[in-house]
Every structure is written in C-alpha cells, then in structure tokens.
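Below are the chains, spelled out letter by letter.
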Amino acid sequence: MTERLISILIGYVFGLFQTSYIIGKMHKTDIREHGSGNAGTTNALRTFGKKAGAMTLVGDCLKCVLAIAVVRLIFADRAAEIIPLLCIYAAAGCILGHNFPITLGFRGGKGIAASVGFLIAFDWRLFVICAVVFLALFFTTHYVSLCSLTSYLAALIAMIVFGEISGYGMDRIHTTEMYLVMAALTVLAFWRHRANIVRLSKGTESKVFLSKSKTKKG
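All of these numbers come straight from a predicted model, not from anything done at the bench.

K.L.:
Any chance you could explain the packing of aromatic side chains here in plain terms?
P.N.:
Describing an aromatic ring pair means giving the distance of the ring centres and the angle of the ring planes. Throughout the structure, instances matching the rule amount to four aromatic pairs. For the pair F118 and F122, a centre-to-centre distance of 5.4 Å together with 45° between the ring planes defines the contact as tilted. With a gap of four residues between them, F118 and F122 both fall in helix α6 (residues 112–122), about one helical turn apart. The pair F118 / F122 is uniform in exposure class, with both members buried. Note on F134 and F138: the rings are 6.2 Å apart at their centroids and 10° apart in plane angle, and the pair reads as stacked. Placement of both F134 and F138 in helix α7 (residues 124–141) is noted, with a separation of four residues, approximately one turn of the helix. On the accessibility criterion, F138 (5% relative accessible area) is buried.

See below:
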C-alpha cells in the first residue's frame, strides 16, 4: 500500500504542472475564463491556436511520462514485481493532479493529454491502438470529445487483452487491480466529459478543424 500511495503522490505533483494555464498567463489571461472553461489541450487549441494546442499536448503528455519514469526508477528494485501496477497508479495521480489541481482551486483539465503520456510510457501498443482509433474518428467526425472517449474505451479493452495474454508480468491479483484502476480512469474521463456527451447527444457539440484552426458547430 505504501508504494501505491507514493506513486499516486508523485503523479499528483507532476500533474500540477498546468501547461495551458501557463500559456494562458503568457497571453495575460486565464484560459479557464475562455471556451469550455478548462485547462486542457482542446481548449488551448480553440482559444490560442494550433501552436498553443501542440505545446499543451506535449507538456501534459510529458508530465505523465516523467511521473511514470520516476516511479520506475524508485521502485525498480524494491517492488519490481508490480512495476506496471505502480505505473498506472502514478498515471492516475498525474491525471487527478491535472484535473483537480490544488494550486488552482481544483479547476484543471479533463486528463486526456496526460492519459496519452500514460499510454506512451506504459505500453506503446496501447498508444498505437488509441492513436489509430482517435485519428480515424477525428478525420471522419471532428468531434474531439468523441474521439477521446472512444480511445479511452479502446485502451481499457486492449489493456485487458494484453494483460490476459501476458499479465504484464504480474500475478492475477495485481493484474486485476491494474484493470480496476484503468476502469476507474475511464469512468473519470467519461464523467469529466459529461457536458460534451450531452451536447453530442443533442448534436450541438463543437467540431474542431485543424486546417482552419477554428471551431465549427456540428
């Protein structure tokens, strides 16, 4: 349990680095006062343009990658048999820090970009699968929220499939625990996108067109 708590705490501290908020302050504004009101990649793209969106994506990905790298380094010897589980706890902490940063009054983003960093650092196969799903949906629908949530479900399913094949080197109990943490992150992603889900159901969700660097209504 101590290793899990430490991993979550490490992730949370890294998650407090709010890339879009910093970019917003460079523009002398609080990004949470614009667009969707959250400090995330999509809102940065819509509010400040493609360059800011790309910078936010990279920054938010990187903080989760670094959190997992630190956890791997710390527990490489003392808890090597459950490293994959500790990595997902670090990712969970990072996503929680991003979504609910204590330094910003618990008003952060939705955790998708940080989750991309998690997939990159955790298992490149999951990242490739989710990237294909995301891009295929994006270039056919242009609904970022739909792409993100579908990719999250794909990541959960793929993790279970790969876990059942190899167990990620862990026993059944810890592998199942890993599934449960990933399921919790998936539920959190859907909850954070609940307003988007309502708009999608009503056909009023905004579309994003990168080539024009602006938002259009669906």
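Having seen the structure, we can now continue with the description.
K.L.:
Which parts of the structure should I look at to understand the packing of helix α9 (residues 172–192) against helix α10 (residues 194–202)?
P.N.:
Describing two packed helices takes the angle between their axes plus the distance from one axis to the other. Two elements in contact, α9 and α10, have axes separated by 4 Å at closest approach and are oriented at 60°. Put simply, α9 runs oblique to α10. In contact with F190, W191 and R192 of α9, α10 contributes R194, N196 and I197. Residues belonging to the contact of α9 with α10 are distributed by class as follows: three nonpolar, one polar and two charged.

K.L.:
Any chance you could explain the state of the cysteines here in plain terms?
P.N.:
In a disulfide, the sulfur atoms of two cysteines are held together by a covalent bond. Inspection of the entire model under this criterion finds zero disulfides. Cysteine C87 shares no disulfide, and the gap to the nearest cysteine sulfur, in C64, comes to 9.6 Å. For C87, a relative accessible area of 0% puts it in the buried group.

K.L.:
Quick question: what am I supposed to make of the confidence of the model for the chain here?
P.N.:
Should the pLDDT be low somewhere, the predicted coordinates at that spot are not to be read in detail. The share of residues in the chain with pLDDT of 70 or more is 96%, and the mean pLDDT across the chain is 89. Here residues 212–218 is a poorly scored stretch, pLDDT under 50, and it has 18 contacts once near neighbours within four places are set aside; other chains count.

K.L.:
Would you explain helix α5 (residues 83–99) in this entry?
P.N.:
Every α-helix carries 3.6 residues per turn, so stepping three or four residues along brings you back to the same face. Between its first and last C-alpha atoms α5 spans 24 Å; for 17 residues at 1.5 Å apiece the expected length is 24 Å, and the two agree. Across the 17 residues that make up α5, a large majority, 16, are buried.

K.L.:
I tried to follow the side chain of R4 on my own but got confused; where do I start?
P.N.:
Tracing the backbone through its elements, the reader meets R4 in helix α1 (residues 2–15). For R4, a relative accessible area of 12% corresponds to the buried category. Here the side chain of R4 touches E177 through a polar contact of 2.7 Å, side chain to side chain. Not counting residues within four places of it along the chain, the set of residues in contact with R4 comprises L85, L86, Y89, H174 and E177.

K.L.:
Would you mind showing me how to read the layout of surface pockets here?
P.N.:
Regions of empty space are outlined by a rolling probe, equal in size to a water molecule, passed over the atoms. Within this model, the largest pocket holds a volume of roughly 1100 Å³. Surrounding the largest pocket, 47 residues form its lining, T41, T42, F134, V144 and S148 being those nearest its centre. Of all elements in the fold, only α3 (41–48), α4 (50–75), α6, α7, α8 (144–166), α10, β1 (206–209) and β2 (214–217) reach the threshold of two or more residues within the lining of the largest pocket. Classifying every residue of the lining of the largest pocket by side-chain character gives 22 nonpolar, 18 polar and seven charged. In this structure, the second largest pocket spans a volume of roughly 170 Å³. Forming the boundary of the second largest pocket are S36, G37, N38, R107, G108, K110, R192, A195, N196 and R199. Looking at the lining of the second largest pocket element by element, the count peaks at three residues for α10.

Procedures and definitions
- Residues numbered from 1 in each chain as written.
- Predicted model: local features only at pLDDT ≥ 70, side-chain atom pairs only at ≥ 80, totals over all residues.
- Heavy atoms only, no water.
- Phe/Tyr/Trp six-rings, centres within 6.5 Å; stacked < 30°, edge-to-face > 60°.
- Helix = DSSP H or I, 4+ residues; strand = E, 2+ residues; numbered from the N terminus.
- Buried < 20%, exposed > 50% of the residue type's maximum accessible area, 1.4 Å probe, protein only.
- Axes fitted to C-alpha atoms, helices over the stretch in contact; angles between N-to-C directions.
- Parallel < 35°, antiparallel > 145°, perpendicular 65-115°, else oblique.
- Contact = heavy atoms within 4.5 Å.
- Nonpolar A, V, L, I, M, F, W, Y, C, P; charged D, E, K, R; others polar.
- Disulfide = S-S within 2.5 Å.
- pLDDT = per-residue confidence, 0-100.
- Expected span 1.5 Å × (residues − 1).
- Polar contact = N/O pair within 3.5 Å; in protein donor to acceptor, adjacent residues only side chain to side chain.
- 1 Å grid on protein atoms, 1.4 Å probe; cavity = no way out; pocket = protein on both sides within 12 Å on 5 of 7 lines; lining within 4 Å.
- Points joined across faces, edges and corners; volume = space filled by probe spheres on them.

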